[in-house]
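Structure at a glance
The chain contents come next:
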Amino acid sequence: MPDLTKKQAVFFALLASVVALLGFCLVVGYQPEPEKTLLNVGGHLLNARIADSPTELRKGLSGIRDLNESEGMLFLIPEGMKPVFHMKDVKMPLDIAFLDENGVILDIKEANLSDKKTFFSPPEGTLYTIEVRQGWFEKQGIKRGDIVSPGFSLLSLKEKTL
């Protein structure tokens with residue numbers, strides 16, 4: 001076998017490193033950071049990650065240790081899907097708001113860390129869900145009947161991402 005030149009040896013070492021990194025990403029299930037949008041929730045701004053793929057919808061905020069004060073996740077629920085929310089692998093207490101097709105808040109539930117075996121089912125007519133740090137809605141004075149608007153139709157956002 002002929003000796004490798006220094007250039008060839010560096011190339012093969014680099015190639016082996018890239019292959020190892022790709023393999024690691026596949027093993028640990030690397031997922032890119034979800035897309036984000038800015039929401040107006042009852043007159044208060046919320047920077048929300050968008051969960052619209054089956055993987056993002058299933059994972060939600062699982063594994064996230066903390067959220068900034070005005071940060072959360074917006075779930076775009078596919079038509080006909082009846083999701084159930086739970087606190088499995090969630091590291092902080094949350095509030096969950098259920099919204100209809102017009103962005104009207106139908107209900108808000110508190111989800112505590114002790115609720116690992118509790119399932120939260122959205123009310124009939126829910127097309128969107130927002131999860132935030134527990135107490136955020138109350139602190140902002142946001143309640144059932146308030147409106148969430150991103151400055152454009154939630155429905156158009158949903159159609160764009162599906």
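Below, the structure is looked at part by part. Fair warning: this is a prediction, and the values are worked out from it, not measured in the lab.

Bringing the pairing of strand β5 (residues 94-99) into the picture now. The side chains of a regular strand alternate between the sheet's two faces. Counting buried positions along β5 gives six out of six residues, so the element sits mostly inside the fold. Of the two faces of β5, the one holding Leu94, Ile96 and Phe98 and the one holding Asp95, Ala97 and Leu99 are both buried throughout. In the sheet, β5 pairs with strand β6 (residues 105-111) via six bridges, with the strands oriented antiparallel. The residue bridging isoleucine 96 from the neighbouring strand is lysine 109, located in β6.

Working definition: an aromatic ring pair is given by the centre-to-centre distance plus the angle between the planes. Per the counting criterion, the structure on display carries one aromatic pair. Consider the rings of tryptophan 136 and phenylalanine 137, whose centres lie 5.5 Å apart with planes at 70°: the pair is edge-to-face. You can call tryptophan 136 buried: its relative accessible area is 1%. The exposure class of phenylalanine 137 is buried, given its relative accessible area of 2%.

If you trace the seven strands from one edge of the open sheet to the other, you get β6-β5-β8-β3-β2-β1-β9, paired in mixed fashion. The open sheet has two edge strands, β6 and β9 (148-149), and neither has a second partner. As defined by bridge partners, strand β2 (residues 44-51) adjoins strand β3 (residues 71-76) across five bridges and the pair is classed as parallel. Directly across from isoleucine 50, in β3, lies its bridge partner leucine 74.

Right, let's get into the pairing of β3. β3 sits mainly inside the fold: six of its six residues count as buried. Neither face of β3 is exposed, since Glu71, Met73 and Phe75 on one face and Gly72, Leu74 and Leu76 on the opposite face are all buried. Direction of pairing for β3 relative to strand β8 (residues 128-133): antiparallel, over a ladder of five bridges. In the sheet register, phenylalanine 75 faces β8, and the bridge partner there is threonine 129.

The rules behind each value
- Residues numbered from 1 in each chain as written.
- Predicted model: local features only at pLDDT ≥ 70, side-chain atom pairs only at ≥ 80, totals over all residues.
- Heavy atoms only, no water.
- Buried < 20%, exposed > 50% of the residue type's maximum accessible area, 1.4 Å probe, protein only.
- Helix = DSSP H or I, 4+ residues; strand = E, 2+ residues; numbered from the N terminus.
- Pairing = 2+ DSSP bridges.
- Phe/Tyr/Trp six-rings, centres within 6.5 Å; stacked < 30°, edge-to-face > 60°.

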